[in-house]
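# Structural overview
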Amino acid sequence: MSPALQILYEQLGSSWANLPRQAKILLPIVGVLVLAAFVGLIMFSGTEENKLLLSTLSKRDRLLIQRELTNAGVSFDEARLTTEGSLYVPESLADRARMILTVEKLPQSGSGFDVFDQSGMGDTFLDYNRKAEEQAEISIRNSIESLDPVKYAAVDITPMVDSPFAVEKEPAKASLTVELKHGRRLDYKQIDGIANMVAASVRGLTVDNVKIIDSFGR
């Protein structure tokens, strides 16, 4: 040991020896608590919040969803899915999980995905409708872009007109433009899944009124 370290070691030893007995007991405890708090802070800051996608799932749907997400490598809260029938996934994986399950036509019980945020205090009915439409378009776009062949997606939703004051009632419509990665294509199962997801996400929209066009105009 170098002379400088030897002196430092002796000084620390002397300081420790001169501490009162109570301080000698408290210092290690405080050190452990500080270390535990630091470790907890690191772990908490790296934990991503989970988002609820589906609830009140049947036992069959739970098993099918568990299989599909596991095979796709999408993490989820397995305990809550098994015991509560609620599907929670990390927020960054929510759109991908939604698209995977929609393509596989899950859940089979007919439950839909909740793509709308809660309305804010003081929102009017028109405000809520506009927010709902915007949120639906964003959620649909993100879900489509989670598909591997897709580079970019644009979503345009025309809400249904069903006001009692309207001269003519109009069904909801959706137009999707999908730009694919070079040399990639969407298969029929994926196209069908996109159409079903969009129809399930917009009030009054049917699959027949969902138009999907790729970057080549097909």
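Up top is the structure these notes are about.
On a predicted model such as this, the values are computed, not experimentally measured, just so you know.

Calculation notes
- Residues numbered from 1 in each chain as written.
- Predicted model: local features only at pLDDT ≥ 70, side-chain atom pairs only at ≥ 80, totals over all residues.
- Heavy atoms only, no water.
- Pairing = 2+ DSSP bridges.
- Helix = DSSP H or I, 4+ residues; strand = E, 2+ residues; numbered from the N terminus.
- Axes fitted to C-alpha atoms, helices over the stretch in contact; angles between N-to-C directions.
- Salt bridge = Lys/Arg side-chain N within 4 Å of Asp/Glu carboxyl O.
- Buried < 20%, exposed > 50% of the residue type's maximum accessible area, 1.4 Å probe, protein only.
- Parallel < 35°, antiparallel > 145°, perpendicular 65-115°, else oblique.
- Contact = heavy atoms within 4.5 Å.
- Nonpolar A, V, L, I, M, F, W, Y, C, P; charged D, E, K, R; others polar.
- Left-handed = near helix turned anticlockwise from the far one by under 90°.
- Phe/Tyr/Trp six-rings, centres within 6.5 Å; stacked < 30°, edge-to-face > 60°.
- Lys NZ or Arg CZ within 6 Å of the ring centre and 35° of its normal.
- Expected span 1.5 Å × (residues − 1).

### Concerning the sheet that holds strand β4 (residues 173-180)
The three strands lie next to each other as β3-β4-β5, forming an open sheet whose pairing is mixed. Bordering the open sheet on either side are β3 (150-158) and β5 (210-214), each of which pairs with just one other strand. Strand-to-strand twist across the sheet, computed as the mean angle between neighbouring axes with direction ignored, equals 15 degrees. As paired strands, β3 and β4 are joined by eight bridges and run antiparallel to one another. By the bridge assignment, threonine 158 is partnered in β4 with lysine 173.

### A few points about the pattern of salt bridges
Under the defined criterion, the tally for this structure stands at eight salt bridges. Residues aspartate 95 and arginine 98 are paired through a salt bridge, measuring 2.9 Å at the closest nitrogen-oxygen approach. Placement of both aspartate 95 and arginine 98 in helix α5 (residues 94-103) is noted, with a separation of three residues, approximately one turn of the helix. The same class applies to aspartate 95 and to arginine 98, which are both buried. Between aspartate 148 and lysine 181 there is a salt bridge, with its nearest N and O atoms 3.7 Å apart. With a gap of 33 residues between them, aspartate 148 in the loop between α6 (125-145) and β3 and lysine 181 in the loop between β4 and α7 (188-201) connect regions that are remote in the sequence. You can call aspartate 148 partly exposed: its relative accessible area is 46%.

### Some words on the environment of leucine 147
Relative to the elements of secondary structure, leucine 147 occurs in the loop between α6 and β3. For the pair leucine 147 and leucine 180, spaced 33 residues apart in sequence, the C-alpha separation works out to 9.8 Å.

### Considerations on the packing of α5 against α7
Contact geometry for α5 and α7: axes closest at 8 Å, N-to-C directions at 110 degrees. In terms of their interaxial angle, α5 and α7 are classed as roughly perpendicular. Side by side, α5 and α7 meet where Arg98, Met99, Thr102 and Val103 of the first sit next to Lys189, Gln190, Gly193, Ile194, Asn196 and Met197 of the second. Residue composition of the contact of α5 with α7, grouped by class: four nonpolar, four polar and two charged.

### Things to note about the packing of helix α3 (residues 59-72) against α5
Axis separation between α3 and α5 bottoms out at 10 Å; the angle between their running directions is 120 degrees. Taken together, the axes of α3 and α5 lie oblique to each other. For the pair α3 and α5, the crossing hand works out as right-handed. Only Arg96, Ala97, Ile100 and Leu101 of α5 make contact with α3, whose side of the interface consists of Ile65, Glu68, Leu69 and Ala72. Grouping the constituent residues of the contact of α3 with α5 by class yields six nonpolar, no polar and two charged.

### A few points about the environment of arginine 80
Tracing the sequence through the fold places arginine 80 in helix α4 (residues 78-84). Apart from the residues within four sequence positions on either side, arginine 80 is in contact with Gly85, Ser86 and Tyr88.

### Focus on the side chain of glutamine 190
Take glutamine 190: it is sitting in helix α7. Owing to a relative accessible area of 15%, glutamine 190 belongs among the buried residues under this scheme. With residues near it in sequence (within four places) discarded, glutamine 190 still touches Val103, Leu147, Pro149 and Arg185.

### Considerations on the packing of aromatic side chains
In total, this model carries zero aromatic pairs according to the counting rule given. Residue placement shows arginine 80 over the ring face of tyrosine 88; its charged tip is 3.9 Å from the ring centre.

### Re α3
Taking 1.5 Å of rise per residue, the 14 residues of α3 would be expected to cover 20 Å, and the 20 Å separating its terminal C-alpha atoms lies within 8% of that figure. Turning to α3, its buried residues are Asp61, Arg62, Leu64, Ile65, Glu68 and Leu69. Next to the buried residues of α3 lie β1 (50-54), α4, β2 (87-90) and α5.

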